[in-house]
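Architecture and fold: a report
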Amino acid sequence: MISKLITEIKKKNAPIVVGLDPQLGFLPKKLMKEGIKEYGESLEAVAAAVFEFNKAIIDATADLIPAVKPQIAMYEQFGVSGLVAFRETVEYAKSKGLVVIGDIKRGDIGSTSGAYATGHIGTVQVGSKDFLPFDEDIVTVNPYLGSDGVKPFIDVCNKNDRGIFVLVKTSNPSSGEFQDREIDGRPLYELVGEKVAEWGADSMDGEYSNVGAVVGATYPEQGRVLRKLMPKTYILVPGYGAQGGQGKDLVDFFNEDGLGAIINSSRGIIAAHTKSEYAKFGEEHFAEASRQAVIDMLDDIRGALGTK
C-alpha cells in the first residue's frame, strides 16, 4: 500500500495529506440548514452536513493531493450517524482516486487489536462473501501496549496490502511527559522508532515499509534523529499550520530521495474559510478557500524541498 501512496505523491508532486476533521464550528450554515430540512434537528442532520462538507472539499482538492485523513473521533461524536458519514467519506475519497488514511489511533491486545484491524483495514467473511467494514487504506496505531497490540495490524496489512502509521513522537505539547522519558539514557520515542523499523522489516513494499511512523512537525530535531533511525519508514507528519509547523522545519523528515514523509494539515485546510487570509472566499465558497490553502501549503513545502 505504501507504494501506491508514493506513486500518487510523485504524480502530483504533493507530499501532503488533508485531514478531514469536521467540527460543528466549521460547517457552513447552508449545509446545516439543508441537513435539518431533510432530517430535522438531529444527529442525522449533522452527519449529512458533514458528508456534504467533506465531498465539497474532496472535489475541490482531489487533483492536487494524494490522500485524505479523516479523524474518526470527529465522526464518533455524532454517534452512529457520524460513523455512517465516516464510511461514506472513505468511499467517496476512494472513488476520486485518493488514498485514505484512517486516523483511528487504536491500540489494544490480542483478539481486540485483531478486531480493530479487521474492522478498519481487513475483511469480514459472511458465508461466501467478503465485506470491507470501513475500508481505509492505512490507519494510525498506538504502540504503547507493545507488540501484542501492533502485530495483529501488521498481519492484516500483509494479508490485504494495507498500511499503518505507528505513533512515535506526537505533535501535542504534553507528548514529552511520556515520550521523552529516558530509558538507559535514551528517550522512549527513539526506542519506539527502532521498534517500528524492526516491525517494518516484515512488511516491505518496495523501498519503503507498510509500517510507517507518526512524528509531529512541531519537533523537527526529534524528526531528524528518527529519520536516521527509520530509513525505510514513511513518516506521517501532523502539526503543520494550525499547530505551528512550517515547510522549512520539515526538510529533515524526508530522505535524500525526496520521499519518506507526508505532511498533514487539517484545520488549516478545511477551516480556511474562517481565516482572515481567505476571507475573500466567504463561507459560501468554503471549498475554494480550502483549495487555495492546499496550493499555498504546496508552495511552502515544495519551496523548502526545492521541488517547485
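For the structure, see preceding data.
Computed from a predicted structure; not experimentally measured. (Residues numbered from 1 in each chain as written. Predicted model: local features only at pLDDT ≥ 70, side-chain atom pairs only at ≥ 80, totals over all residues. Heavy atoms only, no water.)

Description of the overall build of the protein chain
When helices and strands are tallied, the protein chain shows 12 helices and 14 strands. Relative to the 2.2 N^0.38 estimate, which gives 19 Å for 308 residues, the radius of gyration of the protein chain is 19 Å and therefore close to what a compact globule would have. In the protein chain, which comprises 308 residues, the share counted as buried stands at 54%. Of the contacts formed within the protein chain by residues at least 6 apart in sequence, a portion of 73% connects residues at least 24 apart. Carbon and sulfur atoms form 50% of the exposed surface of the protein chain, whose accessible area is close to 13400 Å². Of the charged side chains in the protein chain, 34 are positive and 43 negative, and the gap between their average positions amounts to 3 Å. (Helix = DSSP H or I, 4+ residues; strand = E, 2+ residues; numbered from the N terminus. Rg over C-alpha atoms; globule rule 2.2 N^0.38 Å. Buried < 20%, exposed > 50% of the residue type's maximum accessible area, 1.4 Å probe, protein only. Contact = heavy atoms within 4.5 Å. Areas by Shrake-Rupley, 256 points an atom, 1.4 Å probe, with all protein chains shown as cover. Lys, Arg positive; Asp, Glu negative; His and termini not counted. Charge placed at Lys NZ, Arg CZ, Asp CG, Glu CD.)

Here's the deal with the sheet that holds strand E6 (residues 138-141)
Taken together, the eight strands give a closed barrel; going around it, the order is E1-E2-E3-E6-E7-E12-E13-E14, and neighbouring strands pair in parallel fashion. Each strand of the sheet is rotated relative to its neighbour by a mean of 30 degrees, with strand direction disregarded. Examined bridge by bridge, strand E2 (residues 67-70) and strand E3 (residues 99-106) share two bridges and lie parallel to one another. Bridged to alanine 67 within E3 is valine 99. Against the sheet, helix H7 (residues 147-160) touches E3, E6, strand E7 (163-169) and strand E12 (211-215), its axis set at about 150 degrees to E7. Packed on one face of the sheet, helix H10 (residues 220-229) meets E7, E12, strand E13 (235-237) and strand E14 (261-265) and runs near 130 degrees to E7. (Pairing = 2+ DSSP bridges. Axes fitted to C-alpha atoms, helices over the stretch in contact; angles between N-to-C directions.)

So, a nonpolar patch on the surface
Nonpolar side chains collect at one region of the surface, where Val124, Val126 and Phe131 lie side by side and expose about 240 Å² of accessible area between them. With a relative accessible area of 33%, valine 124 lands in the partly exposed category. (Patch = residues over 30% accessible without salt bridge, like charges linked within 9 Å, V, L, I, M, F, W, Y side chains within 5 Å. Salt bridge = Lys/Arg side-chain N within 4 Å of Asp/Glu carboxyl O.)

Some words on the nonpolar core
The nonpolar side chains of a soluble globular protein tend to be buried with one another. Ile164 and Val196 are the most contacted members of the largest nonpolar core, which totals 78 residues. No other element matches the nine residues that helix H3 (residues 43-61) contributes to this core. When residues no more than four places from it in sequence are discounted, the contact partners of valine 196 are Val166, Val168, Val211, Gly212, Ala213, Met230 and Thr233. Formed by 18 residues, the second largest nonpolar core is a distinct cluster that contains Met1, Val17, Tyr208 and Ile262. (Core = buried A, V, L, I, M, F, W, Y, C linked by side-chain atoms within 4.5 Å.)

Remarks on the pattern of salt bridges
If the charged atoms of two oppositely charged side chains come close together, the side chains can form a pair. In the structure shown here, the tally under the stated rule is 18 salt bridges. For lysine 69, the salt bridge identified is with aspartate 103, shortest N-O distance 2.8 Å. Of this pair, lysine 69 sits in strand E2 while aspartate 103 sits in strand E3, placing them 34 residues apart in sequence. As far as the burial class goes, lysine 69 and aspartate 103 line up, both buried.

Side note on the packing of H3 against helix H12 (residues 286-305)
Between two packed helices, the angle of one axis relative to the other and the distance separating the axes together describe the packing. Between H3 and H12, the shortest axis-to-axis distance is 8 Å and the interhelical angle comes to 45 degrees. With respect to each other, H3 and H12 are oriented oblique. The chirality of how H3 crosses H12 is right-handed. Between H3 and H12, the residues in contact are Phe53, Ala56, Ile57, Ala60 and Thr61 and Phe286, Ala287, Ser290, Arg291 and Val294, respectively. Split by residue class, the contact of H3 with H12 holds seven nonpolar, two polar and one charged. (Parallel < 35°, antiparallel > 145°, perpendicular 65-115°, else oblique. Left-handed = near helix turned anticlockwise from the far one by under 90°. Nonpolar A, V, L, I, M, F, W, Y, C, P; charged D, E, K, R; others polar.)

Observations concerning the packing of aromatic side chains
Centre distance and the angle of the planes are the two values used to describe a pair of aromatic rings. Using the criterion set out here, one finds five aromatic pairs in the structure. Residues phenylalanine 51 and tyrosine 92 carry aromatic rings whose centres are separated by 6.3 Å and whose planes lie at 90 degrees to one another, so their mutual orientation is edge-to-face. Of the two residues, phenylalanine 51 sits in helix H3 while tyrosine 92 sits in helix H5 (residues 79-95), which places them 41 residues apart along the sequence. Note on accessibility: phenylalanine 51 and tyrosine 92 belong to one class, buried. Summarising the aromatic geometry, the rings of tyrosine 208 and tyrosine 234 are spaced 5.1 Å apart at their centres and angled 75 degrees between planes, so their arrangement reads as edge-to-face. In this pair, tyrosine 208 is assigned in strand E11 (residues 208-209) and tyrosine 234 in the loop between H10 and E13, connecting sequence segments 26 residues apart. (Phe/Tyr/Trp six-rings, centres within 6.5 Å; stacked < 30°, edge-to-face > 60°.)

What to know about the side chain of serine 175
Within the secondary structure, serine 175 sits in the loop between E7 and helix H8 (176-179). There is a polar contact of 2.9 Å between the side chain of serine 175 and the side chain of lysine 169. With residues near it in sequence (within four places) discarded, serine 175 still touches Lys169, Thr170, Asp180 and Tyr219. (Polar contact = N/O pair within 3.5 Å; in protein donor to acceptor, adjacent residues only side chain to side chain.)

So, the pairing of E2
Side-chain alternation along E2 places Ala67 and Lys69 on one buried face and Val68 and Pro70 on a second face that is also buried. Pairing analysis gives four bridges linking strand E1 (residues 16-20) to E2, with the strands arranged parallel. Counterpart to glycine 19 in the pairing with E2 is lysine 69.

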